Amino acid sequence: MSARMKIAIAGAAETDLGALPNLSELDLRADAAHRALADAGLTIRDVDGITSATESPIDVAHYLGITPNWYDGTSVGGCSFLVHVRHAAAAIRAGLCHTVLVLHGESGRSQVGRPPRVRMPTSPLGQFELPYGAFAPPNMFTLPVMRFLARPSKIWPRSWWRKAIGPKAIRGPVVTSDSPSRRCSVRP
Amino acid sequence: MSAPSAPAKMVPVATPASQPFWDGTQVGELRLQHCTDCGHHFLYPRLSCPSCGSRKTDWVRAAGRGRLYSFVISHMAAPGWQGETPYVIAVVQLEEGPRMLSNLVGVPADPAALVLDMPLEVTFQARGDKMLPLFKPAGAAQ
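Residues numbered from 1 in each chain as written. Chains lettered and ligands numbered in written order. Predicted model: local features only at pLDDT ≥ 70, side-chain atom pairs only at ≥ 80, totals over all residues. Heavy atoms only, no water.

So, the interface of chain B and chain A
Listed as interface residues are 38 residues of chain B and, on the opposing side, 27 residues of chain A. The contact between chain B and chain A buries some 2700 Å² in all, and 71% of this surface belongs to carbon and sulfur atoms. It is Met10, Met76 and Leu101 of chain B that lose the most area in chain B upon contact with chain A, and together they represent 25% of the buried surface on that side. Viewed at the interface, chain A and chain B are joined by one salt bridge. In this structure, the salt-bridge partner of Asp117 of chain B is Arg147 of chain A, at a minimum N-O distance of 3.1 Å. Contributing elements (two or more residues each) for the side of chain B that touches chain A: helix H1 (19-26), strand S4 (65-74), strand S5 (87-94), strand S6 (99-103) and strand S8 (130-137) of chain B. When residues in the side of chain B that touches chain A are grouped by element, the largest group, seven residues, is from S4 of chain B. In the side of chain B that touches chain A, the residues fall into 29 nonpolar, seven polar and two charged. (Contact = heavy atoms within 4.5 Å. Buried area = accessible area lost by both parts, 1.4 Å probe. Salt bridge = Lys/Arg side-chain N within 4 Å of Asp/Glu carboxyl O. Helix = DSSP H or I, 4+ residues; strand = E, 2+ residues; numbered from the N terminus. Nonpolar A, V, L, I, M, F, W, Y, C, P; charged D, E, K, R; others polar.)

A short note on the pairing of S5 of chain B
Residue and element names in this part refer to chain B. Within S5, seven of the eight residues are buried, which leaves the element mostly enclosed by the surrounding structure. Examined bridge by bridge, S4 and S5 share eight bridges and lie antiparallel to one another. The residue of S5 that forms the bridge with Leu68 is Val92. Both S5 and S6 contribute to a ladder of five bridges, which runs antiparallel. Residue Val92 lies in a different strand from S6, and its bridge partner there is Met100. A loop of four residues connects S5 with S6, the two strands running antiparallel in sequence, and Gly97 in this loop sits at a positive phi of about 125°. (Buried < 20%, exposed > 50% of the residue type's maximum accessible area, 1.4 Å probe, protein only. Pairing = 2+ DSSP bridges.)

Examining the sheet that holds strand S1 (residues 31-35) of chain B
All names here are of chain B. Sheet architecture is open: three strands sit in the order S2-S1-S3, paired in antiparallel fashion. Both outer strands of the open sheet, strand S2 (41-42) and strand S3 (57-61), are each paired with one neighbouring strand and no more. As defined by bridge partners, S1 adjoins S3 across five bridges and the pair is classed as antiparallel. Note that in S3 the partner of Gln33 across the bridge is Trp59. Sheet strands touched by H1: S1 and S3. Its angle to S1, the strand with the most contacts, is close to 140°. (Axes fitted to C-alpha atoms, helices over the stretch in contact; angles between N-to-C directions.)

Description of the sheet that holds strand S2 (residues 70-72) of chain A
Residues and elements named next belong to chain A. An order of S2-S1-S3 is seen for the three strands of this open sheet, with the pairing classed as parallel. Either end of the sheet is taken by a strand with one partner, and the two such strands are S2 and strand S3 (100-103). Averaged over all pairs of adjacent strands, the angle between their axes in this sheet comes to 10°, without regard to strand direction. Note that strand S1 (residues 49-52) and S3 share four bridges and pair parallel. Pairing of Thr51 across the sheet is with Val102, part of S3. In the packing of helix H2 (residues 57-64) onto the sheet, contacts are made with S1, S2 and S3, and the angle to S1 comes to roughly 125°.

Notes on the packing of aromatic side chains
Two descriptors summarise a pair of aromatic rings, namely the distance from one centre to the other and the angle between the planes of the rings. Per the stated rule, a full pass over the model turns up five aromatic pairs over all chains. Relative to Tyr44 of chain B, the ring of Phe128 of chain A has its centre 6.4 Å away and its plane inclined at 25°; by these criteria the two rings are stacked. Here the residue Phe128 of chain A occupies a position in helix H4 (residues 124-128), and Tyr44 of chain B occupies one in the loop between S2 and S3, the pair thus bridging two chains. Ring geometry for Trp81 of chain B versus Tyr87 of chain B: centroids 4.1 Å apart, planes at 25°, classification stacked. Residue Trp81 of chain B shares its accessibility class with Tyr87 of chain B, and that shared class is buried. Taken together, the aromatic side chains of Phe128 of chain A together with Phe21, Trp22 and Tyr44 of chain B make up a single cluster linked through ring pairs. Lying across the ring of Trp81 of chain B, Lys9 of chain B places its NZ or CZ 4.0 Å from the centre. (Phe/Tyr/Trp six-rings, centres within 6.5 Å; stacked < 30°, edge-to-face > 60°. Lys NZ or Arg CZ within 6 Å of the ring centre and 35° of its normal.)

Written as structure tokens, this is what we have:
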């Protein structure tokens, strides 16, 4: 394979967002898969690679009726799918596969078919972070932000905080101290 | 069938590598690992120095003094924390070098009372069979 071989993201799609009590996390992946294939003008017959974090890529492949030549189940938190895209490009370049579905689905609101997030009390997190009530992105990810924003050379306009809101977002703008009508969840 | 019980706060469970740390908190000492090759102090406990890779490490007692490196005031309750919000999750910069996560006590969970780099000192609070290292403003009563 040539190092200049062109590899493209040929299609992309989201499931519906919000409370979806009729879809498991596995169903959500399959729904996203069919929407993304439609966007790309492809079918499952074109697919020979699967990725999925948390849920086994083997189970996802069985569900969809795909026999993959290559799969990746790297599970490293919320950046897993970005990592999967890079791994998929490398796999295609190496000749291991041709067309890869990079999938994820979470039933955070409805908790359907959601594997438990195991938090071992023996892990570094379990011994040295979780006991202090730091347990979720809103009250963990802002810890470095507070220090970062305190640096005089790194003042971010407050408007930046509101820009990461997608068109299907259901929670609305980030709560800030200048919107006191909203219930505060974490400060900052 | 018993009714599902309310979730409890996380109680740390020691591994062989971290046992000296938790033995220390039990007797009112904050202990750190120290690399006898490069002199680096580190937390959390592990088999080798994260600065130079040496496996020659020992344990030392920290002074228990530090500064407020960063914090969040959490109005969200972690499992077991219902009724205790808001609470302060703090990153403490220890005098010896390592930074550790902890909670602040003896100070209101109010941004007006929390100043970055304010001096802190360790205090200990029971959690299950462990004593957890928490921090309070230096010189403050708990």
